[in-house]
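# Chain and residue survey
Letter by letter, the chains look like this.
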Amino acid sequence: MTVHFIGAGPGAPDLITVRALRLIEASPVCLYAGSLVPAEILEHCPPGARLVDTAGLDLDAITAELLAAHERGEDVARLQSGDLSVFSAVSEQIRRLEAAGVPYSLTPGVPAFAAAAAALGQELTVPTVGQTVVLTRASRNATAMPAGEELHELARTGALLVLHLATNLVEDVVEVLVPHYGADCPAAVVAMAGRPDEIVARCRLSELATTVRERGIRRTALLFVGRVLEAGDFADSHLYSAACAAERRDTPLPAPVGEHS
């Protein structure tokens, strides 16, 4: 059997990959976060599948479900919100599976920040304005940030910051970032990206906390801070410039492997 860790996307049932759906359809066991994974996705599970909502389970209980499926020889679709590559808590699950000799696979999903960027209607990297995106989170009672990755250190880069799991600490975020970005720096909050109840609000950094509180945003949201959010006067990308096109025309393609001049 195999435990298939699957990025189930940001919450919209149609923002999931074809590969993910095929794995779900073929797995007799499905573990999912009920508060984050839409019920419509679970409709793709095969008839009689064992469905386990992990929202109230700790790591030991989740691992026990995976090991029990392994003993029965049943594949597992382990649905995680967004994409597995960031803030998915998949690493500690993989560590336990490896210790137990249980095979697993990883299937990427649409990350929340990508869905939020689409909701904002813009690219997060703009030529001559911003070419770096920092994905991070705020920390108070959660796992401490590693040394050098505290928010005030990352703010020194001046790059676009995308903060996960930070709406409850938005006042602290604003206090830390204003000295580095300025009170008038463009900011935004996107909640429930891609869903019917999606919320998109743009503001200034100094207004970010008020905007979050007035809109009643508490969870499933991302905070954006950076000048790239209002980029208007910027150079076109070199990739599509006439000069670059000429370079491509003038550069001969390499000969296929096995052919000789």
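Everything that follows concerns the structure shown earlier in this document.
Note that the coordinates shown come from a computational prediction; the quantities given were computed from them, not determined experimentally.

## Some remarks on the overall build of the protein chain
For the protein chain, the helix and strand inventory stands at 9 helices and 10 strands. Each of the three principal axes of the protein chain carries a C-alpha extent, and together these read 65 × 60 × 40 Å. Counting all 261 residues of the protein chain, 42% fall into the buried class. For the protein chain, the exposed area adds up to about 13,900 Å²; of that, 52% sits on carbon and sulfur atoms.

## Points about the pattern of salt bridges
One pass over the structure, following the stated rule, counts 7 salt bridges. Ionic pairing is found between arginine 50 and glutamate 65, a salt bridge with its closest N-O pair at 2.7 Å. With arginine 50 in strand 3 (residues 50–53) and glutamate 65 in helix 3 (residues 59–72), the pair connects residues that are 15 residues apart, well separated along the chain.

## Quick look at the side chain of arginine 195
Within the secondary structure layout, arginine 195 lies in the loop between strand 8 (186–191) and strand 9 (199–204). Although arginine 195 is buried, it forms no salt bridge, and the closest oppositely charged side chain is aspartate 197 at an N-O distance of 5.2 Å. Setting aside anything within four residues of it in sequence, one finds arginine 195 in contact with Pro10, Gly11, Ala12, Leu36 and Thr220.

## Details of the sheet that holds strand 1 (residues 3–7)
The strands that make up a sheet are held in pairs by hydrogen bonds between backbone atoms, and each pair lies either parallel or antiparallel. Strand order in the open sheet formed by 5 strands is 3-2-4-1-5, with parallel pairing between adjacent strands. The two strands at the open ends of the sheet, each matched to only one other strand, are strand 3 and strand 5 (104–107). Sheet twist, expressed as the mean angle between neighbouring strand axes with direction ignored, is 15 degrees. Judged from the 4 bridges that link them, strand 1 and strand 5 form a sheet pairing that is parallel. The residue of strand 5 that forms the bridge with isoleucine 6 is threonine 107. Relative to the sheet, helix 1 (residues 18–26) contacts strand 1, strand 4 (76–80) and strand 5, its axis offset from that of strand 1 by approximately 140 degrees.

## Examining the packing of aromatic side chains
Summed over the entire model, instances satisfying the criterion amount to 1 aromatic pair. Between phenylalanine 5 and tyrosine 104 the ring centres are 6.4 Å apart and the planes differ by 75 degrees, which places this aromatic pair in the edge-to-face class. Of this pair, phenylalanine 5 sits in strand 1 while tyrosine 104 is found in strand 5, placing the two residues 99 residues apart along the sequence. On the basis of relative accessibility, which here comes to 30%, the residue tyrosine 104 falls in the partly exposed class.

## What to know about the environment of alanine 193
Positionally, alanine 193 belongs in the loop between strand 8 and strand 9. Exposure remark for alanine 193: the relative accessible area of 8% places this residue in the buried category. Taking C-alpha positions, alanine 193 is 31 Å from arginine 95, a pair spaced 98 residues apart along the chain.

## Let's talk about helix 1
Buried within helix 1 we find Ala20, Leu23 and Ile24. One face of helix 1 carries all of its buried residues, which in axial projection span an arc of 100 degrees. In this structure, helix 1 carries Val18, Arg19, Arg22 and Ala26 as exposed residues pointing more than 90 degrees from its buried face. Looking at the buried positions of helix 1, the neighbouring elements they touch are strand 1, helix 2 (39–42), strand 4 and strand 5.

Analysis parameters
- Residues numbered from 1 in each chain as written.
- Predicted model: local features only at pLDDT ≥ 70, side-chain atom pairs only at ≥ 80, totals over all residues.
- Heavy atoms only, no water.
- Helix = DSSP H or I, 4+ residues; strand = E, 2+ residues; numbered from the N terminus.
- Buried < 20%, exposed > 50% of the residue type's maximum accessible area, 1.4 Å probe, protein only.
- Areas by Shrake-Rupley, 256 points an atom, 1.4 Å probe, with all protein chains shown as cover.
- Salt bridge = Lys/Arg side-chain N within 4 Å of Asp/Glu carboxyl O.
- Lys, Arg positive; Asp, Glu negative; His and termini not counted.
- Contact = heavy atoms within 4.5 Å.
- Pairing = 2+ DSSP bridges.
- Axes fitted to C-alpha atoms, helices over the stretch in contact; angles between N-to-C directions.
- Phe/Tyr/Trp six-rings, centres within 6.5 Å; stacked < 30°, edge-to-face > 60°.
- Arc of directions from axis to C-beta.

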